[in-house]
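# Residue-level structure breakdown
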Amino acid sequence: MKAMKVTVLGSATSTGVPVVGCECNVCRSQDRRNKRTRTSALVSVAGKNILIDTPPDLHQQALENRITRIDAVLYTHDHADHVFGLDELRIFNFLQEGVIPIYGNKKTIGRIKKIFDYIWDPAAPVGGGKPMLEAHVLKGGFKLSGIKVLPIEIFHGKQSIYGYRLGDFAYLTDCSAIPDASREALRGLKLLILGALRFRPHPTHFSFSQALEEIQRLKPERALLTHLSHCFDPEETDFFVSHQVELAYDGMVIEL
Ligand SMILES: [Zn+2]
Ligand SMILES: [Zn+2]
Ligand SMILES: [Zn+2]
């Protein structure tokens, strides 16, 4: 398999951490692992960068991680914390002098075209520039930068959304259930990044214990938890998370 680098760009739930107006220990913590921007990741393979989601913090994430090109974007779903940074892709059009392909399921691509209608409206004035994107509705696996990209159907409450498998890495955020057919497609992973919102159950996200159960079932070599709320403090959580399961933090890099 081609060498792959995965960078956790953001590891927070939709509010970000610190949470505005919150005075809890995690939100007041100086530990950099408790400064979480909204969830996304960058996969670097064969000199190309594949971005998963465009959260509202993409500008800051691109600066902090010195991202200088984006060759494709894979969207998990259409929620604001995963798409609202889409206009930040504009700068990469300038840097690369090219169109960027974006991928997602039918609902996600449809919603993106509605929210960011000016991008696809030929009559909308370009003004300061608008992103140049090529939108693709994904139904099955395809190749990007010589690597197989497989959309994996998962459930976010009642909503069917996508996780992705790229080689031996899989990324499943905002997940509350994994269908059996999708579990089959997640065998033999070296790295799994899985969403876990908080300790208490939630209708549309795995709790901490549900995520651990799923990891035990899927048996990846290494697992990271993401989309974390302010209830997770790595100082306090470390002792009951094993070395195979860790809390992701912003800027974390994993080489595969
Ligand atoms: Zn989310
Ligand atoms: Zn807090
Ligand atoms: Zn969501």
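Structure: see above.
What this report covers is the structure whose coordinates are included nearby. (Residues numbered from 1 in each chain as written. Chains lettered and ligands numbered in written order. Predicted model: local features only at pLDDT ≥ 70, side-chain atom pairs only at ≥ 80, totals over all residues. Heavy atoms only, no water.)

## Re the coordination of the zinc ion (ligand 2)
- Protein coordination at the zinc ion (ligand 2) comes from Cys22 (SG), Cys24 (SG), Cys27 (SG) and His230 (ND1), with a distance range of 2.0 to 2.3 Å.
- In primary sequence terms, the donor set of the zinc ion (ligand 2) follows C-x1-C-x2-C-x202-H.
- We classify Cys27 as buried; its relative accessible area is 8%. (Donors = N, O, S within 2.8 Å, 3.2 Å for Na, K, Ca; no water. Buried < 20%, exposed > 50% of the residue type's maximum accessible area, 1.4 Å probe, protein only.)

## Overview of the pattern of salt bridges
- One pass over the structure, following the stated rule, counts 14 salt bridges.
- Close ionic contact of Asp78 with Arg111 constitutes a salt bridge, the shortest N to O distance being 3.8 Å. With a gap of 33 residues between them, Asp78 in the loop between strand S4 (72-74) and helix H3 (80-83) and Arg111 in helix H5 (residues 106-115) connect regions that are remote in the sequence.
- For Asp78, a relative accessible area of 3% translates into the label buried.
- In this structure, Lys190 engages Asp168 in a salt bridge whose closest nitrogen and oxygen atoms are separated by 3.4 Å. Here Asp168 lies in the loop between strand S9 (159-166) and strand S10 (169-172) and Lys190 lies in the loop between helix H7 (180-184) and strand S11 (191-195), a separation of 22 residues in the sequence.
- When salt bridges that share partners are traced, they join Asp31, Arg33 and Glu235 into one network. (Salt bridge = Lys/Arg side-chain N within 4 Å of Asp/Glu carboxyl O. Helix = DSSP H or I, 4+ residues; strand = E, 2+ residues; numbered from the N terminus.)

Distances and angles like these do not, on their own, reveal function.
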